[in-house]
Amino acid sequence: EVQLVESGGGLVQTGGSLRLSCVVSGSTFDAYAMGWLRQAPGKEREGVACISFTGGDAYYSDAVRGRFTISVDRAKATVYLQMNNLKPEDTAVYYCAANREGNILTGVPGSYDYWGQGTQVTVSS
């Protein structure tokens, strides 16, 4: 079993930055792929970014590519999402998730096996 705990959400103005953190614990997770997904009110959950826990290739959705960066600190067992140049449309609950198939980098929510509780990000215009 893998436990994921997110933090770092909050309220920020358009153009601002936030860094989300996800502490990973539990069983062996080095082979997992780690993702950040989000869900805005009235919308389906969507993938934002994904990376292997070894910190190799990363996947980004078109909506955030060039503004968001996903990274891993293995020593701290923590996954980060650095979000720059935030826009009101980035407002959502952001979830950290783990996929046992570590070689699959995807934004499809159904591909993930473990989920955190979510952290709210609100971008004001």
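Anything mentioned here points back to the structure above.
Notes on the structure follow. (Residues numbered from 1 in each chain as written. Predicted model: local features only at pLDDT ≥ 70, side-chain atom pairs only at ≥ 80, totals over all residues. Heavy atoms only, no water.)

### Observations concerning the overall build of the chain
Reasoning step 1: Looking only at helices and strands, the chain has 0 helices and 11 strands in total.
Reasoning step 2: Reading the helices (α) and strands (β) of the chain from amino to carboxyl end gives β-β-β-β-β-β-β-β-β-β-β.
Reasoning step 3: Against the compact-globule benchmark of 14 Å for 125 residues, the chain has a radius of gyration of 13 Å, which places it among compact chains.
Reasoning step 4: Viewed in the frame of its principal axes, the chain has a C-alpha envelope of about 40 × 25 × 25 Å. (Helix = DSSP H or I, 4+ residues; strand = E, 2+ residues; numbered from the N terminus. Rg over C-alpha atoms; globule rule 2.2 N^0.38 Å.)

### Regarding the side chain of R38
Reasoning step 1: Locating R38 in the fold gives a position in strand β4 (residues 33–39).
Reasoning step 2: Polar side-chain contacts of R38 include one of 2.9 Å to the side chain of D90.
Reasoning step 3: At 2.9 Å, the side chain of R38 forms a polar contact with the side chain of Y94.
Reasoning step 4: Look past the residues within four positions of R38 in its chain and what remains in contact with it is E44, R45, E46, V48, A63, V64, F68, E89, D90, A92, V93 and Y94. (Polar contact = N/O pair within 3.5 Å; in protein donor to acceptor, adjacent residues only side chain to side chain. Contact = heavy atoms within 4.5 Å.)

### Here we look at the pairing of strand β5 (residues 46–52)
Reasoning step 1: With 6 of 7 residues buried, β5 is to be regarded as a mostly interior element.
Reasoning step 2: Hairpin connection of β4 to β5: 6 residues between the antiparallel strands, including G42 at a positive phi of 75°.
Reasoning step 3: Taken together, β5 and the strand that follows it, strand β6 (residues 58–60), pair antiparallel across an intervening segment of 5 residues, in which G55 is found at a positive phi of about 85°. (Buried < 20%, exposed > 50% of the residue type's maximum accessible area, 1.4 Å probe, protein only. Pairing = 2+ DSSP bridges.)

### Description of the nonpolar core
Reasoning step 1: Among the nonpolar cores identified, the biggest contains 32 residues, and L4, V24, M34, W36, L81, M83 and Y94 are the most heavily contacted of them.
Reasoning step 2: Formed by 5 residues, the second largest nonpolar core is a distinct cluster that contains A33, L37, C50 and A97. (Core = buried A, V, L, I, M, F, W, Y, C linked by side-chain atoms within 4.5 Å.)

### Considering the pattern of salt bridges
Reasoning step 1: All told, the structure shown has 5 salt bridges when counted by the stated rule.
Reasoning step 2: We note a salt bridge from D62 to R65, for which the minimum N-O separation is 2.6 Å.
Reasoning step 3: Owing to a relative accessible area of 67%, D62 belongs among the exposed residues under this scheme.
Reasoning step 4: Take R65: its relative accessible area is 48%, and that puts it in the partly exposed class.
Reasoning step 5: D113 is the salt-bridge partner of R100, the closest N and O atoms lying 3.4 Å from each other. (Salt bridge = Lys/Arg side-chain N within 4 Å of Asp/Glu carboxyl O.)

### Describing the side chain of R67
Reasoning step 1: Within the fold, R67 resides in the loop between β6 and β7 (68–73).
Reasoning step 2: Among the polar contacts listed, one links the side chain of R67 to the backbone oxygen of N85, at a separation of 2.9 Å.
Reasoning step 3: If we skip the residues at most four places from it in the chain, R67 touches Q82, M83, N84, N85, L86, K87 and D90.

### Notes on the state of the cysteines
Reasoning step 1: Using the criterion set out here, one finds 1 disulfide in the structure.
Reasoning step 2: C50 takes part in no disulfide bond, and the closest cysteine sulfur, belonging to C96, lies 10 Å away.
Reasoning step 3: Residue C50 is classed as buried on the basis of its relative accessible area of 0%. (Disulfide = S-S within 2.5 Å.)

### Comments concerning the packing of aromatic side chains
Reasoning step 1: Scanning the entire structure with this criterion turns up 3 aromatic pairs.
Reasoning step 2: Geometrically, the ring pair formed by Y95 and W115 is edge-to-face, given 6.1 Å between the ring centres and 80° between the ring planes. You can see Y95 sitting in strand β9 (residues 92–99) and its partner W115 sitting in strand β10 (residues 114–115), a full 20 residues away along the chain.
Reasoning step 3: What makes W115 partly exposed here is its relative accessible area of 30%.
Reasoning step 4: Centroid distance Y112 to W115: 6.0 Å. Interplanar angle 65°. Geometry classified as edge-to-face. (Phe/Tyr/Trp six-rings, centres within 6.5 Å; stacked < 30°, edge-to-face > 60°.)

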